[in-house]
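Per-entry structural report
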Amino acid sequence: MHSIWAVALNTIRQALRMKIAAVFIVLLVVLLPVMGVSMTGDGTIKGRLQTFISYGFSLTSLLLCLLTIITSVYSVTNDIKQMQIYTVITKPIRRFQFLLGKLLGVLLLNVVLLAMFSAVIYTIVIFTPRYFKTDIAETTRLKNEFFTARATVIPAEEDVSKEVEKEYAKLKKDGQLPPDVLASKSANDKYMVWLTNQKKLEKRAAAVGHEIIWKFSDVRASEPNQSLFIRFKYDVSVNPPDSLVYGRWFAGDDRQLPYDIYAFDRKDTIRTFYEIEIPGDAVAKDGYLAVGFLNVPLNNTVVIFPPGDGLELLYKIGTFNGNFFRSVLLLLCRLIFLACLGILASTFLSFPVAILLCLVVFFIASISGFVAESFDFFGEGAGIIYNYTAVPVVMLLPQFDKLNPVDYLVPARILDWSLVAEVFGIMVCIKALLLLAIALLIFSRKEIAKITI
Amino acid sequence: MEKQEILNMEYAIETFSLTKVFADWWGRNRVCAVEDLSLKIRYNEIFGLLGPNGSGKTTTIKILLSLLHPTKGRSVVLGGNATDPKISARIGFLPEESYLYRYLSARETLEFYGRLFKLPSKVRKMRIESLLDMVGLKAVANRAVGTFSKGMARRIGLAQALINDPDLLILDEPTTGLDPIGTRQIKDLIIELAKRGKTILLCSHLLADVEDVCDRIAILYGGKIQSEGKVKELLQRSDKTQITTGHISDMAVERIKQIVSSEQADCVVTSPMDKLETFFIRIVAAAQQQSQPTSGAVSTTQIGNFLTAGESILDKLVSAGGEQSRTANPIEQKLSAQTDTQPAHKGPVAADKEYQTKPDEQLLSKLTEQPKPVATEPVVTDKNAKAQQLETETDEKEQTSKSILDGLTEDGM
Ligand SMILES: Nc1ncnc2c1ncn2[C@@H]1O[C@H](COP(=O)(O)OP(=O)(O)OP(=O)(O)O)[C@@H](O)[C@H]1O
Ligand SMILES: [Mg+2]
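Calculation criteria
- Residues numbered from 1 in each chain as written.
- Chains lettered and ligands numbered in written order.
- Predicted model: local features only at pLDDT ≥ 70, side-chain atom pairs only at ≥ 80, totals over all residues.
- Heavy atoms only, no water.
- Axes fitted to C-alpha atoms, helices over the stretch in contact; angles between N-to-C directions.
- Helix = DSSP H or I, 4+ residues; strand = E, 2+ residues; numbered from the N terminus.
- Parallel < 35°, antiparallel > 145°, perpendicular 65-115°, else oblique.
- Contact = heavy atoms within 4.5 Å.
- Pairing = 2+ DSSP bridges.
- Buried < 20%, exposed > 50% of the residue type's maximum accessible area, 1.4 Å probe, protein only.
- Lys, Arg positive; Asp, Glu negative; His and termini not counted.
- Salt bridge = Lys/Arg side-chain N within 4 Å of Asp/Glu carboxyl O.
- Polar contact = N/O pair within 3.5 Å; in protein donor to acceptor, adjacent residues only side chain to side chain.
- Near = heavy atom within 4 Å.
- Areas by Shrake-Rupley, 256 points an atom, 1.4 Å probe, with all protein chains shown as cover.
- Nonpolar A, V, L, I, M, F, W, Y, C, P; charged D, E, K, R; others polar.
- Buried area = accessible area lost by both parts, 1.4 Å probe.
- Domains from an automatic or database assignment.
- Expected span 1.5 Å × (residues − 1).
- Bend = angle between axes of the 7 residues up to and from the residue.
- Patch = residues over 30% accessible without salt bridge, like charges linked within 9 Å, V, L, I, M, F, W, Y side chains within 5 Å.
- Donors = N, O, S within 2.8 Å, 3.2 Å for Na, K, Ca; no water.
- Core = buried A, V, L, I, M, F, W, Y, C linked by side-chain atoms within 4.5 Å.

Residue and element names in this part refer to chain A. Relative to each other, helix α2 (residues 20-38) and helix α5 (residues 95-132) sit at 10°, their axes nearing to 10 Å. When the axes of α2 and α5 are compared, the pair comes out roughly parallel. Where α2 approaches α5, its residues A21, I25, L28, V29, L32, P33 and G36 are matched on the opposing element by L109, L113, F117, V120, I121 and I124.

Here it is, written out as structure tokens:
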């Protein structure tokens with residue numbers, strides 16, 4: 001432990017005195033406050049805070065990720081290239097201790113910086129509303145929709161298979177099925193998928209004068225009688241001239257008369273997220289809540305709620321502080337992974353190549369959703385070799401974009417511990433540790449003094 | 001197994017036909033840096049490893065310290081493997097160049113290495129101060145070593161190698177870049193450490209240093225040991241008898257000569273000991289004459305002709321300075337003297353030509369004097385000396401001298 005600590009300390013000194021860290025620190029110290037002042041979002045305080053926290057977090061994450069890659073790769077490859085490692089590794093220190101020391105140094109440095117910059121972001125976020133002297137309505141809105149951590153409930157997708165079957169039978173009876181569907185099995189399957197999607201879309205779409213009702217059960221807020229929020233986004237079949245959709249919303253218990261229901265009339269811009277606040281007592285004692293939308297005849301278009309986040313029910317179950325802290329932990333997981341990656345790369349590559357490799361992995365991880373999709377696409381036609389080479393490599397890649405803390409902080413969505421634990425387990429305990437183990441293995445067999453050009 | 005242990009008890013460093021072949025990524029350009037090297041270095045011995053540039057000295061050391069894996073053979077250091085912390089804790093290592101962390105100060109550097117040895121902080125602090133004192137860097141101890149001059153960095157490197165009070169000290173050209181006082185100090189230090197029972201492996205090109213301190217030496221060429229033995233025995237010309245006296249009159253000398261001639265022997269009144277330098281050149285020249293393979297430099301005594309042809313650059317520079325031309329002349333003379341395929345001389349540089357040629361002739365004749373083909377002493381495993389004797393027996397004295405020097409100078413062209 002003593003020697004690991006000595007190496008770690010030396011690594012931190014290196015990063016600080018060679019002014020590698022300094023560049024990043026200056027960048028963040030300058031940029032964060034500037035962003036705090038200059039980002040106005042949609043003009044409201046909430047919009048301002050959302051934009052700031054989104055960009056602030058992304059920037060901090062990007063810069064610290066880069067710093068982690070650079071410091072970890074630099075400190076190992078430089079020692080090898082400038083041969084200082086000759087006098088270090090011949091001292092009573094095991095090779096794995098040397099690498100662990102480097103890793104510890106890089107991580108300590110980055111943890112301290114991460115803590116520092118999260119503190120800066122946190123302070124700016126907390127103090128901005130005070131600075132702008134918000135009125136009471138705005139303050140409550142912030143409290144309910146930003147400085148909180150809310151559970152998200154997406155209405156369960158209805159089972160449409162029965163309806164699809166019925167429709168199919170009816171079409172068949174009427175002889176309205178396309179002729180090739182009856183001929184081949186694959187065409188038939190495709191037709192069924194299309195029909196299913198069609199039915200599902202119908203469930204999310206309301207024609208003029210029609211109503212959609214979503215039913216939620218087990219809605220349990222952390223405090224009784226606190227507000228709930230419906231977060232939604234309209235999509236339309238025909239663009240209205242002013243891009244506005246008129247709607248009448250209901251919320252309450254509709255299981256027995258007399259209905260105990262709240263109603264809201266609104267007009268909202270299409271393809272933009274809005275939230276409707278519902279009083280807490282709209283939820284029945286057993287946690288049941290029905291939410292309805294009526295496409296009023298003022299519109300002359302079909303209104304569609306896009307799949308995924310088209311309609312969600314939000315209610316407070318945690319605090320902003322807790323959420324913020326867990327978001328920082330998510331970033332830390334990334335840093336740990338990247339540090340291990342950097343160490344691994346530098347055990348067998350020279351500085352520029354190792355940096356390049358790490359950056360490529362970092363950017364792929366940042367667009368992992370896209371990459372995974374394209375691999376799925378290729379994978380359909382590929383053979384065994386592909387499945388045993390490319391697929392494991394892709395599996396090893398982390399998914400930074402899927403678990404972006406910004407996605408939780410901006411809509412004030414709960415980022416619960418179980419998710420953080422899962423990310424930590426997969427990204428750190430499995431992937432990062434695997435990389436580290438490979439690094440230790442390579443390094444323990446490496447001919448340190450062998451010069452490759 | 002038992003035999004192994006006995007061996008380990010006896011030798012601080014032992015290698016068993018160590019071979020290291022470097023190849024590039026494709027396995028081409030094979031370089032045999034060390035070949036079939038079997039070294040045995042006893043405890044409490046000062047062992048000198050000599051050889052021209054690229055003869056495999058540093059490579060040998062790197063293998064001993066597990067910085068390189070041998071292609072064949074194996075090595076035992078202090079009865080084990082140098083990667084074992086128990087063993088590396090007893091080794092001090094000064095690499096070829098002082099590879100230091102440029103951003104650390106002298107004191108921090110020693111602090112860092114002290115921590116690696118897990119020295120308790122009190123002991124560490126004490127040793128650091130005394131080492132800084134010893135290498136004379138106390139006054140600059142808080143400056144970053146990146147700003148140090150070469151010799152200063154070397155001194156920190158040396159201090160670093162000594163911080164654990166090692167039982168085995170491996171020094172790769174410790175005196176490069178050091179001033180004469182520093183060099184003297186290191187020599188004294190080495191002898192002092194040996195008195196205290198330490199073992200020292202020393203690589204150096206400065207033969208005078210090696211001669212002064214080493215008990216035994218090995219001369220490497222092309223990765224192979226050309227000669228190995230006790231310094232005294234290697235340098236002893238066994239076919240000669242040396243009589244060392246105080247100042248005696250010419251009469252006495254004449255009387256002695258008479259006595260000697262009555263023994264049917266010639267008598268020359270000079271020092272009968274080879275200088276190590278001569279010996280070294282002879283061994284290397286012999287190896288080159290047999291065109292043994294080397295992956296290193298093939299040394300010559302020649303100077304690039306742009307320096308010697310006509311008016312040298314040096315000359316031009318100094319002739320402008322008038323006064324300084326006196327100091328320049330001997331340099332030019334020295335250079336021209338060397339290009340006349342004369343051996344390297346140890347004569348003082350500031351001398352006129354007449355004075356200078358004399359010691360050269362003296363040295364030449366010393367070089368060319370062939371030992372009579374008597375049996376070489378068993379301790380001296382001087383393989384090439386024999387070959388050379390056979391070769392040169394038929395030659396005239398002067399031709400021999402040429403062929404050796406030609407061997408040195410022409411092979412490289
Ligand atoms: N990493 C390497 N890759 C390829 N060849 C190497 C490598 N290291 C050393 N060599 C070669 O091995 C030979 C021996 O080198 P080594 O450094 O041991 O010489 P040396 O005796 O220490 O020379 P010097 O007196 O100049 O220090 C040289 O020809 C060198 O080019
Ligand atoms: Mg060397």
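Residue and element names in this part refer to chain A. What the four strands build is an open sheet, ordered β3-β9-β6-β7; its pairing is antiparallel. Among the strands making up the open sheet, the edge pair consists of β3 (211-216) and β7 (260-269). The sheet shows a mean angle of 20° between the axes of neighbouring strands, taken without regard to direction. Pairing geometry for strand β6 (residues 244-253) and β7, over 10 bridges, is antiparallel.

Residues and elements named next belong to chain A. Residue position: R326 is located in helix α10 (residues 320-348). It is D416 that comes nearest to the buried, bridge-free R326 among opposite-charge side chains, at 6.8 Å. Of the polar contacts made by the side chain of R326, one reaches the backbone oxygen of L415; its length is 2.5 Å. With residues up to four places along the chain from it excluded, the contact list for R326 reads I414, L415, D416, W417 and V420.

On to the site of ligand 1. Taken together, 16 residues sit near ligand 1, with K57, T58, T59, E96 and H205 of chain B positioned nearest. One finds residues of chains A and B in close proximity to ligand 1. A distance of 3.2 Å separates an oxygen atom of ligand 1 from a polar atom in the backbone of S55 of chain B. Interatomic distance of 3.2 Å between a side-chain N/O atom of E173 of chain B and an oxygen atom of ligand 1. A total of 630 Å² of accessible area belongs to ligand 1 in isolation, and the protein chains cover 76% of it. The element contributing the most residues to the shell around ligand 1 is helix α2 (residues 57-64) of chain B, with three residues. The class makeup of the residues in the shell around ligand 1 is four nonpolar, nine polar and three charged.

Glancing now at the interface of chain B and chain A. Tallying the contact residues gives 32 residues for chain B and 30 residues for chain A. A buried area of about 3,100 Å², summed over both sides, lies between chain B and chain A, and 61% of it is on carbon and sulfur atoms. When the area that chain B buries against chain A is broken down by residue, the three leading residues are L67, Y99 and Y103 of chain B, summing to 24%. Our count for the contact surface shared by chain B and chain A stands at three salt bridges. Between E447 of chain A and K20 of chain B there is a salt bridge, with the nearest N and O atoms lying 2.6 Å from each other. Looking at the side of chain B that touches chain A, the elements that each hand over two or more residues are β1 (11-22), α3 (85-88) and α4 (106-116) of chain B. Counting residues per element, the side of chain B that touches chain A draws most heavily on α4 of chain B, which supplies five residues. Class assignment for the residues of the side of chain B that touches chain A results in 18 nonpolar, six polar and eight charged.

The phi torsion at R271 of chain A lies on the positive side, around 55°, for a residue other than glycine. By secondary structure assignment, the location of R271 of chain A is in the loop between β7 and β8 (274-278). Judged by its relative accessible area of 47%, R271 of chain A falls in the partly exposed class. A positive phi is found at D165 of chain B, a non-glycine position, where the angle reads about 50°. Examined against the element boundaries, D165 of chain B turns out to sit in the loop between α6 (150-162) and β7 (168-172).

The full count for this structure, using the stated rule, is 29 salt bridges over all chains. Among the salt bridges present, the one from R231 of chain A reaches E312 of chain A, with a minimum N-O distance of 3.7 Å. Here the residue R231 of chain A occupies a position in strand β4 (residues 228-232), and E312 of chain A occupies one in strand β11 (residues 311-318), the gap between them amounting to 81 residues. A salt bridge links E45 of chain B to R216 of chain B; the shortest N-O distance between them is 2.8 Å. Note that E45 of chain B is positioned in the loop between β3 (40-42) and β4 (46-50) and R216 of chain B in strand β9 (residues 216-221), a separation of 171 residues in sequence. In terms of burial, E45 of chain B and R216 of chain B fall into one category: buried. Linked through salt bridges whose partners overlap, the residues forming this network are R150, R231, E275, E312 and R413 of chain A.

With that settled, the discussion passes to the domain arrangement of chain A. Residue and element names in this part refer to chain A. The assigned domain composition of chain A is domain 1 (2-145 + 320-445) and domain 2 (206-318). Facing the seven residues of domain 1 at the interface are eight residues of domain 2. Carbon and sulfur atoms make up 52% of the area that domain 1 and domain 2 hide from each other, which totals about 600 Å². The largest share of the area that domain 1 buries against domain 2 comes from N144, E145 and R413, three residues that together contribute 58% of it. Scanning the region where domain 1 abuts domain 2 turns up one salt bridge. In this structure, R413 engages E312 in a salt bridge whose closest nitrogen and oxygen atoms are separated by 3.4 Å. Taken together, domain 1 and domain 2 are joined by one residue pair in polar contact (both at pLDDT 80 or more). Residues belonging to the side of domain 1 that touches domain 2 are distributed by class as follows: three nonpolar, one polar and three charged.

For an α-helix, 3.6 residues make a turn, and residues three or four places apart therefore share a direction. All names here are of chain A. The end-to-end C-alpha distance of α5 is 56 Å, a good match for the 56 Å that 38 residues give at a rise of 1.5 Å each. The largest bend in α5 comes to about 25°, at I126, with the proline P129 one to four residues further on. Positive phi shows up at K133, right after α5, with a value of about 50°.

Here we take up the side chain of S72 of chain A. All names here are of chain A. The residue S72 is located in helix α3 (residues 45-81) in this model. Taking relative accessible area as the criterion, S72 reaches 0% and is therefore assigned buried. In contact with S72, other than residues within four places in its own chain, are V106, L338, A339, G342, I343 and S346.

All right, on to a nonpolar patch on the surface then. A cluster of nonpolar residues, V26, V29, V30 and V34 of chain A, forms a patch on the protein surface that exposes about 330 Å² of accessible area. You can see V34 of chain A is positioned in helix α2.

This next bit is on the coordination of the magnesium ion (ligand 2). Residue and element names in this part refer to chain B. Looking at the magnesium ion (ligand 2), the protein donor atoms are T58 (OG1) and E96 (OE), and they sit 1.9 to 2.3 Å from it. Placement of T58 in helix α2 and of E96 in the loop between β6 (91-94) and α4 is noted, with a sequence separation of 38 residues between them. With relative accessibility at 15%, the residue T58 sits in the buried group.

A separate point is the sheet that holds strand β8 (residues 199-203) of chain B. Residues and elements named next belong to chain B. The six strands lie next to each other as β6-β7-β8-β4-β9-β10, forming an open sheet whose pairing is mixed. Pairing within the sheet leaves two strands with one partner each, and these edge strands are β6 and β10 (224-230). Neighbouring strand axes in the sheet, compared pairwise and without regard to direction, differ in orientation by 15° on average. As paired strands, β4 and β9 are joined by four bridges and run parallel to one another.

This paragraph deals with the nonpolar core. Among the nonpolar cores identified, the biggest contains 171 residues, and I53, F57 and F98 of chain A together with I91, I200 and L201 of chain B are the most heavily contacted of them. Considering every element that reaches this core, the biggest residue donor is α10 of chain A, with 16 residues. In this view, I53 of chain A contacts I121, V125, F146, F320, F324, V406, L409 and V410 of chain A; residues no more than four positions away in its chain are not counted. Ranked by size, the runner-up nonpolar core spans 27 residues in total, among them A206, I230, V245 and W249 of chain A.

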